[in-house]
Amino acid sequence: MEAEDRLQLFTMENRPLATCAGDQALFSSVYSILVQQLPREPMEWRRRAQDTEVYKATAKDEITKWQNILKAYSSVDWLIVVVESDAKKKNKTNILPRTSIVDKIRNDFCNKQSDRCVVLSDPLKDSARTQESWNTFFAKLRTLLLMSFTKNLGKFEDDMRTMREKRTEAGWSFSAYFMVQEELAFVFEMLQQYEDALVQYDELDALFTQYIVNYGAGDGANWLTSFCQPVRSWNGLVLRKPIDMDKRELIQRNQATLLDLRSYLFSRQCTLLVLLQRPWEVAQRALQLLHNCVQELKLLEVSVPVGALDCWVFLSCLEVLQRIEGCCERAQLDSNCGHTVGLWAYATEKVLPPRVWHIWIRVSQFSFVNVTCTEVPNSPQSPYKTLNEALSSVEAFEKHYLELSYMAMEMYKTIGRVRSAQLLGKELADFYMRKGEPEKAESYLQEALRTYLSEGWALLIAHTRKQLAECQKRLQQTQNYLQTSSLLASDRCLEETERTHYCQEILKMATMPHAQQEERVPLGMEGFARLRRLRLEPAGAVVHMGGMLDMELTIHSLMPVAVPLDQLSLHLHLSPAKGAGRGGEGAARAGTATGTVVFPSAGSGRGGGQTGVELYELHDRSPSDNSLTSSSIVCKNMHLLLRRQESCGSIERSTAPLPEDNARSLHVAALVLQPGDNNITFTAQAKEAGTYTLRQLCATVGRIQFTLPHIYPIVQYDVYSQEPQLKVEPLTESLLAGISQRVRFTVHTGHYAVKSGDALQLSITDTLPILHAASSTATVATNGGDRVSESPLTIQSSGKVTSISLPTAPDYHIIEFDLHVICHLPSTLPTAPDSDRPSAEVKPARKGPEKARPELPCMTSIDQKISIDCPWSIYSTLISLTFNIPFSASHTLLSTGTRKYLQVCVQNLSEVGFLLFDAALVDITGTSPLTFVSLNPPGQQRVQSCQLSYFVWELLPGPLPGPLPGRGLLAEFRVSFSPLTGPSSSQDQRPTRPFTYQLGLDTFCTLYGVRADISPPLGVGMCKMGTLCSLEVSIVRLSDLTDSDQDEALSQSDGLCTTRLMYEVVDNSSNWAVCGKSSGVISMPVSASATHKVHMEVMPLFAGFLPFPDITLHKYLPFQACPSGQTEAVADSWLENDVLALDRGGEEQQEGGSVRSRGSTQSGGSGEHKPPALPLPRLLPFCSGQVYNGSARRQVLVLPTQDDHVLEVSVT
């Protein structure tokens, strides 16, 4: 700021003054230096410093007199300056006086305030001593001045506070108080404390505003009447002067109006904000000031000429903007346009042409004299000049209005406030409409409407559409006008009369005379009607060719009155069927199983799927008396709404496509669409196969055609052309062989009509006979499942061909009938893989079934092929049916001595229970000398699902006495069966084949009997735990030489046949410790009753009834790769050491290569008795039943020792 402006800025009425007393000539000589040097050094001023005491008078006359004068004026701020010169010092004698003059002055006048006296040495000379004295003097003077200022400022604030507290008293004047507090602001401004100065004006602003608010509430102050005088000047704000002395003088004389006070107060705030470098706050405060002043004038009921207030606002906006432009660079203005755009918009609002122009012309005639007097020479284009140019003509006024509007809109768009820009655009549209240029107004209305639709402002949408309809009507845009009229007619935000008006506009233009008609006008249906639901019959949305499909469409009319329709059309799109034809199980695409489609509803006035505004009220109440202090409206979903939308084309232009020129459409003519829901039925006849999709819905009213371009969700129905089909399927989860089973035949006639005499020719095998019942019937039904007729079923059999006559049935129907078939069991079944595996032990006869049931095997299945010749095809249809055999069987050979028993186990694998009877065991070869004696109870046996049933026969020799033969046996087990739930008595009862099972035994004659005995030591009556007992094993040959003895172990010498056996005693239950040799090889004569006994010692490890150790026999085959002498020597050495390293015929050897008992002390894995690398002997196990162990289930009582404290009893 230049010096001239600065001096003008700090011109105030009451400035601080510094006076002097004493030698005036001396004071004049140092005055210039004092004035120049005093403000150069900065001093820190702190408020609230302690006050100084009044200096007491001294005895000196001049100083005393001066002190008395100061005391008379109540001044306590003083400073004594003693000026010394070198000349005076030269004239002095060398004798030092007691005290100097300075000391006397300090003693007399500055006894308690020594800082009030300072020495200035030869001030007019240029020396270091002089400069030092000047610096001391300036520092002292500055400090005292600030101390004086602080004290006086505090006293002034106290007085001002006291004056403010008296504002409720009668006669209190706000103008007087204003001048007092402004003095304080001037003081702060002089000290460059601009923030503190601004606070004073803000307090005055707040105080005045509060009085106006109280006045509106009925609590008015008397002094407010002076501000309620009519407004006679509306020159606007004056911000180019730091202090508007004219308005300040009006305030001081209590003659200022409300606008005068507000203008002056804001000009002072603006000056301080500019000094604080906060120009953008000026714009913010200015906008608030202008709005508040308008409301305060209304609240105080101040008389204002028409247009004067708008003129004041307009000039004030331009004045503030010009003031901000004067203190900011262009780049700063462009980047901070968000702060000033509100002023541009407010100024634009106040100059809406052309009505305002005439008012302003009249207003300016009264105020232009005052306007011109406020101009400043060489000032830029001022608001008053701008106003003067605008009022020169209507065209100039409109030009200025457009410039302001475009500038405000660009600023709004720059800062992202698109909605505010569109609001100005609507005002521009109103301007162009009044001016008669609707083509320029349409784009602004479309842009605003797009935003309102996206955000769901229903009332704004209705208002903007009304403006747009008027614009389109003037532009003669018939199609767009009709589209907008339909939307307005359906808008419930409008009055019923307005809606009816727009609906009549549509009907009037639709029923114009033929000569005035143009081409057909396509419109969108969104403003005319809305789809509610669609119901299809049949519900599955599947119909055959030639069939009929009904579609009941519910349409909700949005028009306020009944609308006669020339035609309602439903356009379809056909997608041809892929392949030869479609099955009757085609998908129902109508959306639900009931065939009803419900269309989604859309809210009125909202863009498709856009989020609407959600508002709620917010009340702020006082915490003391719960009174309402403020009320506001808050948007809850602002984060979803405040999103910028991309610009696009006109949304109110009818974009409905023309209806498809397609012959596949359904029509309903001459109907009246009532307001609300209307049910309309379309009937479609299926003429071509494929998938039909509902594409468009068209309503024709005269030359206007409302079109719904897309129907969503997608609605489709299928028309199929089906070839006749035959399906054969069981009625149960699986078919069982051997019993009667129901099989369903389903014939889909398709496009073939079954005539009288048509029959199905079935080619079947003898193992799958058809059980014909006289009560069998065939049912004819529609594809939808509705029964049409039922007739008896005729079945004729001739050899392997069975003919089934079909009842007559039209095309696209279903014929169903059931047949009972039986699949005979095959004569042979595979033998169980484990039934005849050789075993090392002979199993005793079982008294009952197995306790542990094995896992169920899978059922054996039988595939039956049926070849069917159909009357509608020259080709045969091959059907495959799978039957499962419900049983599985296994057998076991049981022995007791030389007597043999054969046990057959039958297991039911199905879910059906059966009765088993007439079980038999038959020799297949017929050459066996054996006789099978049944041990089974007579009668029937019931076997449920997954249960086992056992059958036992004893094998006895033939009529000739002697033992059982040694050769094998091949037999067949047969058993008859029937289900527990037997077939119906009306069915053809044919004898069924029994279940058969073939079994074979290679050899089953008992060759050897093994028996063991355990005896206690001599002299002891019972076996005791831990005591050695004697074990005697007897091996007895039970038969002479048989065919099974012809192997490598058999040797003959002098007509005597012998064989070598290996025995082994092993206690697998760990109850016994075998001592000594637990295994060995013996030579056994092959003759009946030949006996060999082996003795060894065993020790019981537990007390109680202990089972005997296990004893096994193997055939011992000799060596083959070594000389006989060496082989025997090696064998004898092994036997002596109780270690046998044998080849068990391919079986896995025991660990360590030895066969030994639990009690053996030799280690087979140590390598100490490792045999030489020679071929090993082999062990061959006996077949099942060849060895009978008579001690397999024997037990012996073992007593515990007497010194045992714990008795352990093993029970098996």
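Some remarks on the overall build of the protein
Broken down by element type, the protein carries 24 helices and 48 strands. Here the analysis covers contacts within the protein between residues at least 6 apart in sequence; of these, 76% occur between residues at least 24 apart. Element-wise, carbon and sulfur atoms account for 51% of the exposed surface of the protein, whose accessible area totals about 63400 Å².

Some words on the packing of helix H18 (residues 418-435) against helix H19 (residues 438-455)
In the contact formed by H18 and H19, the axes pass within 8 Å of each other and the chain directions differ by 145°. Relative to H19, H18 is oriented so that their crossing is left-handed. Here H18 contributes Arg419, Gln422, Leu423, Gly425, Lys426, Leu428, Ala429, Tyr432 and Met433 to the contact with H19, which in turn contributes Pro438, Lys440, Ala441, Tyr444, Leu445, Glu447, Ala448, Thr451, Tyr452 and Glu455. Of the residues assigned to the contact of H18 with H19, the class counts are eleven nonpolar, three polar and five charged.

Things to note about the sheet that holds strand E4 (residues 529-537)
Read from one edge to the other, the open sheet built from four strands follows the order E8-E4-E6-E12, with strand pairing classed as antiparallel. The open sheet has two free edges, formed respectively by strand E8 (596-598) and strand E12 (676-685), since each of these has just one partner strand. Each strand axis lies, on average, 20° off the axis of its neighbour in the sheet, ignoring direction. As judged from the eight bridges shared by E4 and strand E6 (residues 548-557), these two strands associate in the antiparallel manner. Each residue of the ladder has a partner; that of Arg530, found in E6, is His556.

Focus on the pairing of strand E30 (residues 914-923)
Sheet topology note: the E30/strand E32 (residues 941-943) ladder contains three bridges and is antiparallel. The residue of E32 that forms the bridge with Phe914 is Val943. Judged from the eight bridges that link them, E30 and strand E34 (residues 969-979) form a sheet pairing that is antiparallel. Of the residues in E34, the one forming a bridge with Leu915 is Ser978.

Describing the packing of aromatic side chains
All told, the structure shown has 30 aromatic pairs when counted by the stated rule. Relative to Tyr177, the ring of Trp172 has its centre 5.7 Å away and its plane inclined at 40°; by these criteria the two rings are tilted. No difference in accessibility class separates Trp172 from Tyr177, as the two residues are buried. These aromatic residues form a ring-pair network of at least three members: Trp172, Phe174, Tyr177, Phe178, Phe208, Tyr211, Trp223, Phe227 and Tyr264.

Digging into the environment of Glu195
When you line up the elements, Glu195 lands in helix H8 (residues 194-216). Sequence separation of Glu195 and Leu275 is 80 residues, and the distance between their C-alpha atoms is 9.5 Å. Aside from chain neighbours lying at most four places away, what touches Glu195 is Leu276 and Arg278. Within polar-contact distance, the side chain of Glu195 engages the side chain of Arg278 at 2.8 Å.

Quick look at the nonpolar core
Core analysis: the biggest nonpolar cluster contains 105 residues, and Phe174, Phe178, Phe208, Trp223, Phe266, Trp312 and Val320 have the highest contact counts within it. If you tally residues by element for this core, the top one is helix H12 (residues 308-326), at twelve residues. Counting residues in hydrophobic clusters, the runner-up holds 63 residues, among them Ile739, Phe887, Leu902 and Leu916.

Some details on the pairing of strand E45 (residues 1110-1117)
Within E45, six of the eight residues are buried, which leaves it mostly tucked inside the rest of the structure. Relative to E45, strand E40 (residues 1056-1066) runs antiparallel, the two sharing six bridges. Across the sheet, residue Met1062 finds its bridge partner in E45, namely His1114.

Examining helix H11 (residues 279-299)
Between its terminal C-alpha atoms H11 stretches 30 Å, which fits the 30 Å expected from 21 residues at 1.5 Å a residue. Among the residues of H11, Pro279, Trp280, Val282, Ala283, Arg285, Ala286, Leu289, Leu290, Cys293, Val294, Glu296 and Leu297 are the ones counted as buried. The elements touched by buried residues of H11 are H8, helix H10 (258-275), H12, helix H13 (330-335) and helix H14 (337-349). Glu301 sits one or two residues past H11 and shows a positive phi near 55°.

Regarding the pattern of salt bridges
Taken as a whole, this structure holds 38 salt bridges when the rule is applied. Between Glu319 and Arg240 there is a salt bridge, with the nearest N and O atoms lying 2.6 Å from each other. Highlighted residues: Glu319 in helix H12 and Arg240 in the loop between H8 and helix H9 (245-252), separated in sequence by 79 residues. Here the salt bridges share partners, and the residues they tie into one network are Glu195, Asp202, Arg278, Glu281 and Arg285.

Concerning the sheet that holds strand E24 (residues 801-805)
Whether parallel or antiparallel, the strands of a sheet pair through hydrogen bonds between backbone atoms. Read across the sheet, six strands follow the order E17-E27-E26-E19-E24-E23 without closing on themselves; strand pairing throughout is mixed. Of all strands in the sheet, those bounded by a partner on one side alone are strand E17 (735-736) and strand E23 (794-798). Bridge analysis of strand E19 (residues 759-763) against E24 gives five bridges, and the strand direction is antiparallel. Considered in E24, the bridge of Leu760 is made with Ile804.

Focus on the environment of Leu153
With respect to the helices and strands, the residue Leu153 is situated in helix H6 (residues 128-165). By relative accessible area, Leu153 is classed as buried at 5%. Distance from Leu153 to Val187, taken between C-alpha atoms, is 8.7 Å for residues 34 residues apart in sequence.

Describing H18
Residues three or four positions apart in an α-helix share a direction because the helix packs 3.6 residues into each turn. Compared with the 26 Å implied by 1.5 Å per residue over 18 residues, the 25 Å span of H18 between its first and last C-alpha is a close match. Within H18 the residues assigned to the buried category are Val418, Ser420, Ala421, Gln422, Leu424, Gly425, Lys426, Leu428, Ala429, Phe431, Tyr432 and Met433. In the core, the buried residues of H18 are packed alongside H14, helix H17 (394-414), H19 and helix H20 (458-474).

Overview of the packing of H8 against H11
H11 packs onto H8 with a crossing angle of 30° between their chain directions and a minimal axis gap of 11 Å. As judged from the angle between their axes, H8 and H11 are roughly parallel. Note that H8 runs across H11; the crossing there is left-handed. Across the interface between the two elements, Leu198, Asp202, Thr209, Ile212, Tyr215 and Gly216 from H8 touch Arg285, Glu296 and Leu299 from H11. The residue makeup of the contact of H8 with H11, split by class, is four nonpolar, two polar and three charged.

Section: the confidence of the model for the protein
This prediction gives the protein a mean pLDDT of 78; 76% of its residues lie at or above 70. Confidence scores differ between elements of the protein, with helix H1 (residues 3-9) showing the lowest mean pLDDT of 33 and E6 the highest of 93. Segment residues 365-378 is flagged for pLDDT under 50; beyond a separation of four residues in sequence, or across chains, it makes 15 contacts in the model. Considering only residues more than four positions removed or in separate chains, one finds that residues 604-609, a stretch of pLDDT under 50, has eight contacts.

Overview of unusual backbone geometry
Leave glycine aside and you will find that most residues have negative phi; peptide bonds, for their part, are mostly trans. The peptide bond linking Glu537 to Pro538 adopts the cis configuration, its omega dihedral lying at 10°. Mapped onto the elements, Pro538 comes out in the loop between E4 and strand E5 (542-544). Backbone torsion omega between Tyr712 and Pro713 reads 0°, so that peptide bond is classified as cis. Of note, Pro713 is situated in the loop between strand E14 (704-708) and strand E15 (716-720).

Side note on the environment of Val76
Mapped onto the elements, Val76 comes out in the loop between helix H3 (61-72) and strand E1 (80-84). Accessibility expressed as a relative area gives 12% for Val76, which makes it buried. Through-space distance from the C-alpha of Val76 to that of Ser148 is 8.4 Å; in sequence the pair is 72 residues apart.

What counts, and where the lines are drawn
- Residues numbered from 1 in each chain as written.
- Predicted model: local features only at pLDDT ≥ 70, side-chain atom pairs only at ≥ 80, totals over all residues.
- Heavy atoms only, no water.
- Helix = DSSP H or I, 4+ residues; strand = E, 2+ residues; numbered from the N terminus.
- Contact = heavy atoms within 4.5 Å.
- Areas by Shrake-Rupley, 256 points an atom, 1.4 Å probe, with all protein chains shown as cover.
- Axes fitted to C-alpha atoms, helices over the stretch in contact; angles between N-to-C directions.
- Left-handed = near helix turned anticlockwise from the far one by under 90°.
- Nonpolar A, V, L, I, M, F, W, Y, C, P; charged D, E, K, R; others polar.
- Pairing = 2+ DSSP bridges.
- Phe/Tyr/Trp six-rings, centres within 6.5 Å; stacked < 30°, edge-to-face > 60°.
- Buried < 20%, exposed > 50% of the residue type's maximum accessible area, 1.4 Å probe, protein only.
- Polar contact = N/O pair within 3.5 Å; in protein donor to acceptor, adjacent residues only side chain to side chain.
- Core = buried A, V, L, I, M, F, W, Y, C linked by side-chain atoms within 4.5 Å.
- Expected span 1.5 Å × (residues − 1).
- Salt bridge = Lys/Arg side-chain N within 4 Å of Asp/Glu carboxyl O.
- Parallel < 35°, antiparallel > 145°, perpendicular 65-115°, else oblique.
- pLDDT = per-residue confidence, 0-100.

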